[in-house]
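Results of the structural survey
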Number of protein chains: 2
Amino acid sequence: MITAKDNELIKDTAKLMSSAKHRREKDCFVAEGVRLCVDGVLSGAQITHFLYTNTAQKKYPEEFARVSAYAQKTVEISEALFKKLSDTAAPQGFLCIVKRLDKSIGSFTISNQGRYAALENIQDPQNLGTILRTAEALGTDGVILSSDCCDIYSPKVIRGSMGAVFRVPIMIAEQFTDFIRTVTKQGIPTFASTPHEADDLHTVDFSKGGIMLIGNEGNGLKQETIGACRQSVRINMKGRAESLNAAAAAAILLYALQG
Amino acid sequence: MITAKDNELIKDTAKLMSSAKHRREKDCFVAEGVRLCVDGVLSGAQITHFLYTNTAQKKYPEEFARVSAYAQKTVEISEALFKKLSDTAAPQGFLCIVKRLDKSIGSFTISNQGRYAALENIQDPQNLGTILRTAEALGTDGVILSSDCCDIYSPKVIRGSMGAVFRVPIMIAEQFTDFIRTVTKQGIPTFASTPHEADDLHTVDFSKGGIMLIGNEGNGLKQETIGACRQSVRINMKGRAESLNAAAAAAILLYALQG
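Residues numbered from 1 in each chain as written. Chains lettered and ligands numbered in written order. Predicted model: local features only at pLDDT ≥ 70, side-chain atom pairs only at ≥ 80, totals over all residues. Heavy atoms only, no water.

Helix and strand counts for chain A come out as twelve helices and eleven strands. For a compact globule of 259 residues, the expected C-alpha radius of gyration is about 18 Å, and chain A comes in at 20 Å, within 12% of that figure. Projected onto the principal axes, the alpha-carbon positions of chain A cover approximately 60 × 35 × 30 Å. For chain A, contacts bridging at least 24 residues in sequence account for 79% of all contacts bridging at least 6. Per element, the accessible surface of chain A, about 11,300 Å² overall, is 47% carbon and sulfur. (Helix = DSSP H or I, 4+ residues; strand = E, 2+ residues; numbered from the N terminus. Rg over C-alpha atoms; globule rule 2.2 N^0.38 Å. Contact = heavy atoms within 4.5 Å. Areas by Shrake-Rupley, 256 points an atom, 1.4 Å probe, with all protein chains shown as cover.)

Written as structure tokens, this is what we have:
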């Protein structure tokens, strides 16, 4: 059982939780909590380490058996250490170190009639997590992210997504605007959401599916990205304009896209 | 200028930020940040104290003049003290103590053709803040809350609502289910949102407005509350059922209610 906080594995885990750079370098991320660890197993992700506490093993025997049988290494750590490591107020005593998944361009294909979300420069991890969760709940076929979105592997995104990061097809596009321009030319309907001049969501034909683009919390989509889309759409707000939270706007937009 | 953290005003302010009980007893709450303080002035709320830092006064001279002319007392506090007091990572140096507003039953009337949200036992302050912000953006005419919702005057709700707490008519119903039953009998359309047996949102007639009810994050609406409504409605989820975040669900439901 590990009890020392200067243990290499513990130091590395703490760094994986706090640093996006370290996650990239090690090509790993952390999933904390019983449900997220089981989600990792179910999704077939590669789990290099499963860290647990004695209390958790007793409290969740089935889940413990499942995750420990699957993980490459299973390591007990002290309750005190887990509490220090944990990102939450009431830690459950389950934590997995998981290999990052393939989120490169082409990790899934955009198909005719498919329904996708594309996110440009979303900065708030909570918003990103919620949008991924919403995308999954509404049956969105995949999510495309610009590379300047916040890190999908940050603990806040993973938790906020309720594990959707493990299940929803996601790709990160380095050349986001070019990617959108290309698929638009290929005939995929692309919809730029904007509070400015645009067609009211109620009047738009979503019967052929397509890609709904959602922009940065403060600034929305870049002008050139809007220009790369087939059509601009807006949520008709009867109250104060431009004041929807990005995740709330995404929920309305993705629901509309379902047709 | 106040510099001592054991100053009575500072201790009281800190307690107003952390304790719902203290807010009730003092009948006051705290609005922090330049925009929220100005929102308080614009809404005509009674501001008993305006606490500011020297840096903030220089940085926001117009807003400073506006809020200080309106507040009953204006008090400078040291930068170090403000940082300790503040709820945010990068405090702006503006903080108002505001008298609680009238949120009792009857503080607004439910009118025919009006569109309202009714929230039962929402527990997460961030969700509640986002729902109030969404309600305002979509032009909802008012929000009814059950008395077991989290405190609308908590700093997280105030901030998450982007000041909507100052502008959206809100009432807190001690006897929430009875209230809904009564308005239903009076002919107001009441819609219970539930993931279970219910009519698909797409098929529901919202042309006469009404009240959209949204329940607790984990458990949804109480059975007796569902029974008090005219109709049950559900968001048709093509993905994993029951997995929408409450604020995301509320956005879809309130947008649909707008018709």
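Mapping chain A onto chain B is achieved by rotating through 180° and translating by 0.0 Å along the same axis, at an RMSD of 0.0 Å. In symmetry terms, the pair is related by a two-fold rotation axis. Counting the interface residues of chain A, we find that 100% of their copies in chain B are interface residues as well, pointing to one common contact surface. (Least-squares fit on C-alpha atoms with pLDDT ≥ 70 in both.)

This next bit is on the sheet that holds strand 4 (residues 94-99) of chain B. All names here are of chain B. Taken together, four strands build an open sheet; the order of strands is 1-4-2-3 and the sheet is mixed. Looking at strand neighbours, the two that pair on one side only are strand 1 (28-32) and strand 3 (73-76), the edges of this open sheet. The mean angle between the axes of side-by-side strands here comes to 20°, regardless of whether they run parallel or antiparallel. Two elements, strand 1 and strand 4, share five bridges in a ladder whose sense is antiparallel. By the bridge assignment, Val30 is partnered in strand 4 with Ile97. On the sheet, helix 5 (residues 61-70) packs against strand 2 (47-52), strand 3 and strand 4 and is oriented at approximately 145° with respect to strand 2. (Pairing = 2+ DSSP bridges. Axes fitted to C-alpha atoms, helices over the stretch in contact; angles between N-to-C directions.)

What follows deals with helix 12 (residues 246-257) of chain B. Residue and element names in this part refer to chain B. For helix 12, built from twelve residues, the straight-helix expectation of 16 Å at 1.5 Å per residue is met to within 8% by its first-to-last C-alpha distance of 16 Å. Taken across its twelve residues, helix 12 has twelve buried, putting it largely inside the fold. Burial in helix 12 covers these residues: Ala246, Ala247, Ala248, Ala249, Ala250, Ala251, Ile252, Leu253, Leu254, Tyr255, Ala256 and Leu257. Capping the start of helix 12 is the job of one residue whose side-chain oxygen sits 2.7 Å from the backbone nitrogen of Ala247: Asn245. (Expected span 1.5 Å × (residues − 1). Buried < 20%, exposed > 50% of the residue type's maximum accessible area, 1.4 Å probe, protein only. Polar contact = N/O pair within 3.5 Å; in protein donor to acceptor, adjacent residues only side chain to side chain.)

Side chains bearing opposite charge may pair, as long as their charged atoms lie close to each other. Summed over all chains, the structure comprises 20 salt bridges over all chains. Here A:Arg167 ties to A:Asp39 by a salt bridge, and the two come within 3.2 Å at their closest N and O atoms. On the criterion of sequence distance, the pair formed by A:Arg167 in helix 9 (residues 164-167) and A:Asp39 in helix 3 (residues 34-42) is long-range, its members being 128 residues apart. Close ionic contact of B:Arg181 with B:Asp178 constitutes a salt bridge, the shortest N to O distance being 3.1 Å. Placement of the pair is B:Arg181 and B:Asp178 together in helix 10 (residues 176-185), with a separation of three residues, close to one helical turn. Take B:Arg181: its relative accessible area is 30%, and that puts it in the partly exposed class. Each of A:Asp39, A:Glu136 and A:Arg167 takes part in one network of salt bridges that share partners. (Salt bridge = Lys/Arg side-chain N within 4 Å of Asp/Glu carboxyl O.)

Here we come to unusual backbone geometry. One non-glycine residue, A:Asn121, lies in the positive phi region at around 55°. The residue A:Asn121 is located in the loop between strand 5 (115-119) and helix 7 (125-137) in this model.

One finds A:Leu201, A:Met212, A:Ile235, B:Leu201 and B:Met212 to be the most contacted residues of the largest nonpolar core, which totals 125 residues. Once residues within four sequence positions are removed from consideration, A:Leu201 is found in contact with A:Phe206, A:Met212, A:Val233, A:Arg234, A:Ile235, A:Ile252, A:Leu253, A:Ala256 and B:Tyr255. (Core = buried A, V, L, I, M, F, W, Y, C linked by side-chain atoms within 4.5 Å.)

A few words now on the sheet that holds strand 5 (residues 115-119) of chain B. Across a sheet, paired strands are connected by hydrogen bonds in the backbone, their directions being either parallel or antiparallel. Residues and elements named next belong to chain B. Reading across the sheet, the seven strands line up as 7-6-5-10-8-11-9 and stay open at both edges, with parallel pairing between neighbours. With one partner strand each, in any of the chains shown, strand 7 (170-173) and strand 9 (199-200) form the two edges of the open sheet. The sheet contacts of helix 7 (residues 125-137) involve strand 5, strand 6 (142-146) and strand 7, and relative to strand 6 the element is tilted by about 155°. Here helix 10 sits on the sheet and contacts strand 5, strand 6, strand 7, strand 8 (190-193) and strand 10 (210-214); the angle it forms with strand 6, its principal contact strand, is near 135°.

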